[in-house]
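Descriptive structure summary
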Amino acid sequence: MNIVFDLNTVSFVLVGLLFTGYAVLDGFDLGVGALHLFTKTDEQRRLMLNAIGPVWDGNEVWLVTGGGALFAAFPRVYATVFSGFYMAFMIFLFGLIFRAVAIEFRSKEPMKWWRNLWDISFSVSSIVSSFVLGVALGNIIRGIPLDADGEYIGTFWTLINPYAILVGITTVALFSMHGAIYVVMKTEGPLHEKIRGWVNKTIIFFIVCYISTTMITLIYIPHMIIYFREYPILFGIPFINMVAIANIPREIIHRNNFRAFLSSCAAMMALMTIFGIGIFPNLVHSLPLAENSLTIYNAASSPKTLSIILTIAVIGVPVVLAYTVSVYWIFRGKVKLDASSY
Amino acid sequence: MDALILSRIQFGLTIAFHYIFPPMSIGLSVLLVIMEGMYLKTKNEIYQQMTHFWVKIFGLIFALGVATGIVMEFEFGTNWATYSRYVGDVFGSALAAEGIFAFFMESGFLAILLFGWNRVKPGVHFLSTIFVSFGAHFSAVWIVVANSWQQTPAGHHVVGTGVYERAEIVDFWRMVFNPSSIDRLSHTLCGAWQAGAFLVLSVSAYYLLRKRHLDFARRSFKIALIIAAVSSILQLATGHYSAIVVEKHQPVKLAAFEAHYPASESAPYHLFGIVNEKEERVDYGIAIPGLLSFLLHFDADAPVTGLKAFPPDKRPPVAVVFQTYHFMVIIGTGLIALSWLGLFLWWRKKLLNYRWLLFVFVLSVLGPQLANQLGWFSAEIGRQPFIVYNLLRTSEGISKAVNANQVVTSLILFGIIYLLLLALFIYLMNEKIQHGPVDSDFVKEVQRA
């Protein structure tokens, strides 16, 4: 049960880091999408879209890159999960397609029906994408049926189980909370005040989901807590998570919106870390035959390739962080509509 | 139909649809750099107006490229899981590098390009435009490297048996610079520059014909015409070198390009023709004897390995490859003729007198689009029946966990959604073009800032 920081573990951390970047960044713009239809006027909806306008595309690149890194480092996981979750991932893809074009198309025409259509498309596809991501995550946590070759042997309906659905809903709640805080940070005036009132509701929604998920996980999914039992110090991470979430309403009341957003980011990073520690050293837990699980060893690429990926990451990730920080810095402050807006 | 053929159709459909957009954005990004650079140098507002207009077009094209691009990465896993297991060790690094080195650069600077007019200094904005262009080109680099490795695998060895058999990297740089990478990349990029340049030519020619936005149209046309003429000629050269590489490393594909059956004889070049696969010959064609031999070896009598030198189960479907390849060459030749004729008449200041020629330019946007598609069809179908040339058959690459019903469902949905997207794309492009570059509010606002 010792954690060895070998090449495979470091690669696992790298892939996790990229997907965490995705969750934290695309999480808020998916959440903005989930809340989009609750705003009523055209101006408010444009503000919602333009709050994420310059960044949503870059946020999605974290998914593409995380996927690429997973493909490179753990091809057997990539192959098994993507083919096993075929219809689920197709729905996810259609969601991402509709989201992207809805953002781009919506404000191109003045007609009310046109804008309503793309508003609905943006919001529904954001919710569906978040939900499917959560369902996929839930199944990875719970375990999926694999054969001795590591092939998925369930069906689409195997994936639709209560636990996975609960994680799906939790994900939508989490992203909505994250998105609401982001909008509070990025807007002013009536929209700002309106969304400010929603933040606590989304937090409550999330906490209810989160507590249920945690309890069910603790009771029914023992393999997720092995390392926590082994190294009690790891309980520090759920603790950080809870402190970060509890801190959000406090910061919101004091109108420290940026710090509220940072708290929310910290909570999500902690959640992803908990997930990572929980599944380690598996990437895909096999249920019922645990011996068929795909681990960071039996699913990995050669040491040569892992070291190539890590080299690419060591060169690339600092540059990527620099781009990301610069873009967020350049577009800091409250969003204002101008001629280049959506 | 089984999952194999359906998955092939789906991949073909989704990649072909995706490939409408990236070449246009790569090509257009080069024009944006020139236009914005001209504005910063001359301070002439017309160049600013040009940059703004084409940036808006760029934004629309880019959005569709992004929306349809993520599908491609997913499909390697969803539909081609066995292939993914086999190549992940080699192919995955190139995809990860593409994400880290290209997509982040592209998307980060795109934000500034599209929304940053009032937020950064003009010099920084120009720099962002340049980086968007770099990013777009880098993404072509890595994906073409990955694809070239499928055509001419190098820098790897095969290990394991059964379901654990796979290709592993032994030399990363030999994988990156595999025998066809450079030639295929340059051929792809020239095609992208053509796609961008002919798009601008088409829209500008339309304005010239309609006598609208004349100054804007003339200047856009001129810049695009030069790029179109240069890239079309370069395309001939890169195509030539690509063909030499194909003959050396994928001889059966080259033989299929030309439907050259004799095992080892001097090969003609057909201007056109219809392949009779049963009788193993070309019917109703016009052939120039020895021309292919001459093009490849500077010797009309040099033997070229033909299809009969390969067992039938290692040959690609010849007729499709022949036709797609030949139509690509015909269109490519037409684009050279059109762009150089245009350049000549422009130089003589007579171009605007030839309305029919302007009309041809309006239609010319379809030229690179078709040629790019046809070129990829001949390259990819020419690689069949292998998914990784001589290593893994396409039929062995598909996902075992996915059945035909699932693929039919997703294929139909892709068909409907992409048809809708294409219609919307054309509609919105037309709206923008009809609306034209005069966007006085915007210019004023930027000036005020």
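Since the model is a prediction, treat every value here as computed from it, not as a measurement.

If you look at the interface, chain B gives 76 residues, while chain A gives 71 residues. Each partner contributes to the roughly 6400 Å² buried at the junction of chain B and chain A, and carbon and sulfur atoms together form 73% of this total. Considering only the side of chain B, the residues that lose the most area to chain A are Arg85, Phe104 and Phe115 of chain B, jointly responsible for 13% of the buried surface there. At the boundary of chain B with chain A, the tally comes to one salt bridge. Glutamate 151 of chain A serves as the salt-bridge partner of arginine 85 of chain B, at 3.0 Å between the closest nitrogen and oxygen. For the interface between chain B and chain A, the tally reads 15 residue pairs in polar contact (both at pLDDT 80 or more). Listing elements by their share of the side of chain B that touches chain A, those giving two or more residues are α3 (45-78), α4 (81-115), β2 (166-169), α14 (404-435) and α15 (440-448) of chain B. Here the element with the most residues in the side of chain B that touches chain A is α4 of chain B; it accounts for 26 residues. A breakdown of the residues in the side of chain B that touches chain A according to their chemical character gives 47 nonpolar, 18 polar and eleven charged.

Together, Ile207, Ile211, Met215, Ile216, Leu218, Ile219 and Tyr220 of chain A give the surface a local cluster of nonpolar side chains, amounting to about 710 Å² of exposed area. You can see isoleucine 207 of chain A is positioned in helix α9 (residues 189-220).

Between two packed helices, what matters for the description is the angle formed by their axes and the separation of those axes. Residues and elements named next belong to chain A. Packing of helix α2 (residues 42-52) against helix α6 (residues 112-142) brings their axes to within 12 Å, and their N-to-C directions diverge by 45 degrees. By the angle between their axes, α2 is oblique relative to α6. In the crossing of α2 with α6, the sense of the turn from one axis to the other is left-handed. Taking contact as the criterion, the partners of Asp42, Arg45, Arg46, Leu49 and Ile52 in α2 are, on α6, Arg115, Asn116, Asp119 and Phe122. In terms of residue class, the contact of α2 with α6 is built from three nonpolar, one polar and five charged.

Residue and element names in this part refer to chain B. Two strands pair when backbone bridges link them, and strand β4 (residues 269-276) and strand β5 (residues 281-288) are joined in this way by six bridges, in the antiparallel orientation. For valine 275, the partnering residue across the bridge sits in β5 and is valine 282. Hairpin connection between β4 and β5: a loop of four residues separates the two successive antiparallel strands, and glutamate 280 in this loop has a positive phi of roughly 55 degrees.

A cis amide bond links leucine 287 of chain A with the next residue in sequence, proline 288 of chain A, at an omega value of 5 degrees. Topologically, proline 288 of chain A is positioned in the loop between β1 (282-284) and β2 (294-295). Positive phi outside glycine occurs at histidine 213 of chain B, with the angle close to 45 degrees. Relative to the elements of secondary structure, histidine 213 of chain B occurs in the loop between α7 (181-210) and α8 (214-249). One non-glycine residue, alanine 259 of chain B, lies in the positive phi region at around 50 degrees. Tracing the chain through its elements places alanine 259 of chain B in the loop between α9 (251-258) and β3 (264-266).

The subject of this paragraph is the confidence of the model for chain B. Residue and element names in this part refer to chain B. Averaged over chain B, the pLDDT score is 91; the fraction of residues at 70 or greater is 98%. Averaged pLDDT values for the elements of chain B fall to 47 in α15 and rise to 96 in helix α13 (residues 366-381). For the stretch residues 441-449, pLDDT sits under 50, and the model shows 15 contacts to residues farther than four places along the chain or on other chains.

On to the nonpolar core. Of all hydrophobic cores here, the largest spans 258 residues; its most connected members are Phe74 and Phe105 of chain A together with Trp54 of chain B. Once you skip the residues sitting within four places of it in the chain, tryptophan 54 of chain B turns out to touch Leu28, Leu32, Met35, Leu199, Val200, Val203, Ser204, Phe216 and Ser220 of chain B. Formed by seven residues, the second largest nonpolar core is a distinct cluster that contains Val144, Leu185, Leu189 and Ala192 of chain B.

Another point: the pattern of salt bridges. Evaluated as defined, the whole model comprises 20 salt bridges over all chains. Of the charged contacts, one joins glutamate 251 of chain A and arginine 250 of chain A as a salt bridge, the two residues approaching to 3.6 Å between their closest N and O atoms. For glutamate 280 of chain B, the salt bridge is made with arginine 315 of chain B, and the minimal N-O distance between the two is 3.1 Å. Pair noted here: glutamate 280 of chain B is in the loop between β4 and β5 and arginine 315 of chain B is in the loop between β6 (303-305) and α11 (318-347), with a separation of 35 residues, a long-range link.

Turning next to the side chain of asparagine 372 of chain B. All names here are of chain B. Locating asparagine 372 in the fold gives a position in helix α13. Overall, the relative accessible area of 10% leaves asparagine 372 in the buried class. Beyond its immediate chain neighbours, meaning those up to four positions away, asparagine 372 contacts Tyr19, Pro23, Gly191 and Ala195.

As a further point, take the packing of helix α8 (residues 162-186) of chain A against α9 of chain A. All names here are of chain A. Taken N-terminus to C-terminus, the directions of α8 and α9 make an angle of 155 degrees; their axes are 8 Å apart at the nearest point. Relative to α9, the element α8 lies roughly antiparallel. At the point where α8 passes α9, the crossing takes the left-handed sense. Residues that form the contact of α8 with α9 fall into these classes: 20 nonpolar, seven polar and one charged.

Parameters at a glance
- In this numbering scheme, every chain counts its residues from 1 along its sequence in written order.
- Written order decides the labels, with chains lettered from A and ligands numbered from 1.
- Where local features are concerned, this predicted model is filtered to residues with pLDDT of at least 70; where side-chain atom pairs are given and counted, the filter is 80 or more; whole-chain, interface and lining totals use all residues.
- Computation of side-chain values: all heavy atoms of the structure, hydrogens and water removed.
- Whether two residues touch is decided by their heavy atoms; if any such pair falls within 4.5 Å, the residues are in contact.
- Summed over both partners, buried area is the accessible surface (1.4 Å probe) that two parts give up on being assembled.
- Only one rule defines a salt bridge in this text: a Lys or Arg side-chain nitrogen within 4 Å of an Asp or Glu carboxyl oxygen.
- For the purposes of these results, a polar contact is taken to be a pair of N or O atoms within 3.5 Å, where, inside protein, one atom must be able to donate a hydrogen and its partner to accept one; residues adjacent in sequence count only when each atom of the pair is a side-chain atom.
- Starting at the N terminus, helices and strands are each numbered in turn, a helix being any DSSP run of H or I of at least four residues and a strand any DSSP run of E of at least two.
- In this classification, Asp, Glu, Lys and Arg are treated as charged, Ala, Val, Leu, Ile, Met, Phe, Trp, Tyr, Cys and Pro as nonpolar, and every other residue, Gly included, as polar.
- The patches reported here contain residues having more than 30% relative accessible area and no salt bridge. Joining distances are 9 Å for like charges and 5 Å for nonpolar side chains (Val, Leu, Ile, Met, Phe, Trp, Tyr).
- For accessible areas, the Shrake-Rupley method is used with a probe of radius 1.4 Å. Any residue's cover is judged against the shown protein chains and nothing else.
- Axes, fitted as lines to C-alpha atoms, cover a helix only where it is in contact. Angles between the N-to-C directions of the axes lie from 0 to 180 degrees.
- The labels follow the angle: roughly parallel below 35 degrees, roughly antiparallel above 145, roughly perpendicular from 65 to 115, and oblique for the rest.
- Should the near helix be turned anticlockwise from the far one by less than a right angle, the crossing is left-handed, and should it be turned clockwise, the crossing is right-handed.
- Strands were regarded as paired on the criterion that DSSP finds at least two bridges between them.
- What pLDDT expresses is the predictor's confidence in each residue, scored from 0 to 100.
- Nonpolar cores are built from buried Ala, Val, Leu, Ile, Met, Phe, Trp, Tyr and Cys residues. Side-chain atoms within 4.5 Å join them into one set.
- Think of it in three bands: residues with accessible area under 20% of the maximum for their type are buried, residues over 50% are exposed, and the middle band is partly exposed, with areas taken using a 1.4 Å probe on protein chains only.

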